[in-house]
Amino acid sequence: MTVCDVGAGVEVTVLRRTAASFEVLATLADPEAGGASVDSTLAAALTNGQDMAADGAAPWVTTESARVAKESLLSYPAVTVPLADQPPVIANRAMLDEAVRPVVRRVADLTQQTIAAAELSARDLAGMYCAGGSARLPRLGEAIAEHTGITPAVVAEPQFVAAFGAAKAGSAGHGVGVAVDVPVPPVRRAIGIERLGADHGRTPPHPRRTTHDDEHG
């Protein structure tokens, strides 16, 4: 099977299931093809390409606002985005589609290359899965399907896959005196992992949903 771990960057892995765990056949990665790249492109669009000062909190606020807007635009057609030292602006789904286009194309290319590196073809795969915080990027599944002929499935709660996998691996030997080293790839182990908890990270400010009146008056 193939797992596309799409987070800040992307890592694509082809695995073969063994009696004990999984055997990694091939892995390719690109740190520039993921959510971080989309955030940067969307932030540039929101500020009309205006350079942000390198010091202070302004660059972080703008990038973080773009990240939250990206996630909100997966559910809403438009959102109001707060910016540092500038009035808030409207982001819409068309802007997100434009920002993700080169990223999903690169992920699809990398998926095809990883399958080839494993000396397999798409018909040899038992399945293809997308995981990671950016697994739900628009048109990602379509782009992968166009390159490989397989429409990938997005795992449940893809943003928590790494945490669930680590928790599962840690709990497997709980109470056992002797640690046994089982070579299970950390993130790629995610398929079928139980939900073991929730994300307790920092909650960023959320963009406000834009109404029809906001857009036209």
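Here the structure is shown first, and the text comes after it.
Just so you know, these numbers come straight off a predicted model, no measurement behind them. (Residues numbered from 1 in each chain as written. Predicted model: local features only at pLDDT ≥ 70, side-chain atom pairs only at ≥ 80, totals over all residues. Heavy atoms only, no water.)

Draft legend 1. Main features of the overall build of the protein chain. Helix and strand content of the protein chain: six helices and eight strands. Helices (α) and strands (β) of the protein chain occur, in sequence order from the N terminus, as β-β-β-α-α-β-β-α-β-α-β-α-β-α. Across the 217 residues in the protein chain, those meeting the buried criterion constitute 40%. Sequence separation of 24 or more characterises 64% of the internal contacts of the protein chain that already satisfy a separation of 6 or more. Within the structure as shown, the protein chain displays about 11900 Å² of accessible surface, and the carbon and sulfur contribution to it stands at 52%. (Helix = DSSP H or I, 4+ residues; strand = E, 2+ residues; numbered from the N terminus. Buried < 20%, exposed > 50% of the residue type's maximum accessible area, 1.4 Å probe, protein only. Contact = heavy atoms within 4.5 Å. Areas by Shrake-Rupley, 256 points an atom, 1.4 Å probe, with all protein chains shown as cover.)

Draft legend 2. Geometry of the packing of helix α3 (residues 93-117) against helix α4 (residues 140-148). Viewed as axis vectors pointing N to C, α3 and α4 meet at an angle of 40°, and their least axial separation amounts to 8 Å. In terms of orientation, α3 lies oblique with respect to α4. The chirality of how α3 crosses α4 is right-handed. In contact with Val 104, Arg 105, Val 107, Ala 108, Asp 109, Thr 111, Gln 112 and Ile 115 of α3, α4 contributes Leu 140, Ala 143, Ile 144, His 147 and Thr 148. Grouping the amino acids of the contact of α3 with α4 by side-chain chemistry returns seven nonpolar, four polar and two charged. (Axes fitted to C-alpha atoms, helices over the stretch in contact; angles between N-to-C directions. Parallel < 35°, antiparallel > 145°, perpendicular 65-115°, else oblique. Left-handed = near helix turned anticlockwise from the far one by under 90°. Nonpolar A, V, L, I, M, F, W, Y, C, P; charged D, E, K, R; others polar.)

Draft legend 3. Fine view of α4. Taken together, the buried positions of α4 are occupied by Leu 140, Ala 143, Ile 144 and Thr 148. Down the axis of α4, the smallest arc covering the buried residues is 110°, so these residues share one side. A positive phi of about 85° marks Gly 149, the residue just after α4. (Arc of directions from axis to C-beta.)

Draft legend 4. Expanded view of the nonpolar core. Core analysis: the largest hydrophobic core is formed by 37 residues, its most contacted members being Val 10, Val 38, Val 81, Val 107, Leu 137, Leu 140 and Ile 144. Put simply, the parts of the chain that give this core at least two residues each are β1 (2-6), β2 (10-17), α1 (35-46), α2 (58-72), β4 (78-83), α3, β6 (128-131) and α4. Top contributing element to this core by residue count: α3, with nine residues. Once you skip the residues sitting within four places of it in the chain, Val 81 turns out to touch Leu 46, Ser 65, Ala 69, Pro 88, Val 89 and Ala 91. (Core = buried A, V, L, I, M, F, W, Y, C linked by side-chain atoms within 4.5 Å.)

Draft legend 5. Summary view of the sheet that holds strand β7 (residues 153-154). Here we have five strands laid out as an open sheet, ordered β3-β2-β1-β6-β7, and mixed in their pairing. Both edges of this open sheet fall to β3 (22-30) and β7, since each of them pairs with a single strand only. Of the strand pairs in this sheet, β1 and β2 are connected by five bridges, and their pairing is antiparallel. Among the inter-strand pairings, Val 3 is bridged to a residue of β2, identified as Thr 13. Together, β1, β2, β3 and β6 form the strand contacts of α3, whose direction differs from that of β3 by roughly 140°. Across the sheet, α4 touches β1 and β6, and the angle it forms with β6 is around 150°. (Pairing = 2+ DSSP bridges.)

Draft legend 6. Spotlight on the pairing of β2. Between β1 and the antiparallel strand that follows it, β2, lie three residues. Of the pairings in the sheet, the one linking β2 to β3 comprises eight bridges and is antiparallel in character. From the neighbouring strand, Arg 16 faces β3, where its bridge partner is Glu 23. Hairpin connection between β2 and β3: a loop of four residues separates the two successive antiparallel strands.

Draft legend 7. Layout of the pattern of salt bridges. According to the stated counting rule, one finds nine salt bridges in the structure shown. A single salt-bridge network, built from bridges that share partners, covers Arg 93, Asp 97, Arg 139 and Glu 142. (Salt bridge = Lys/Arg side-chain N within 4 Å of Asp/Glu carboxyl O.)

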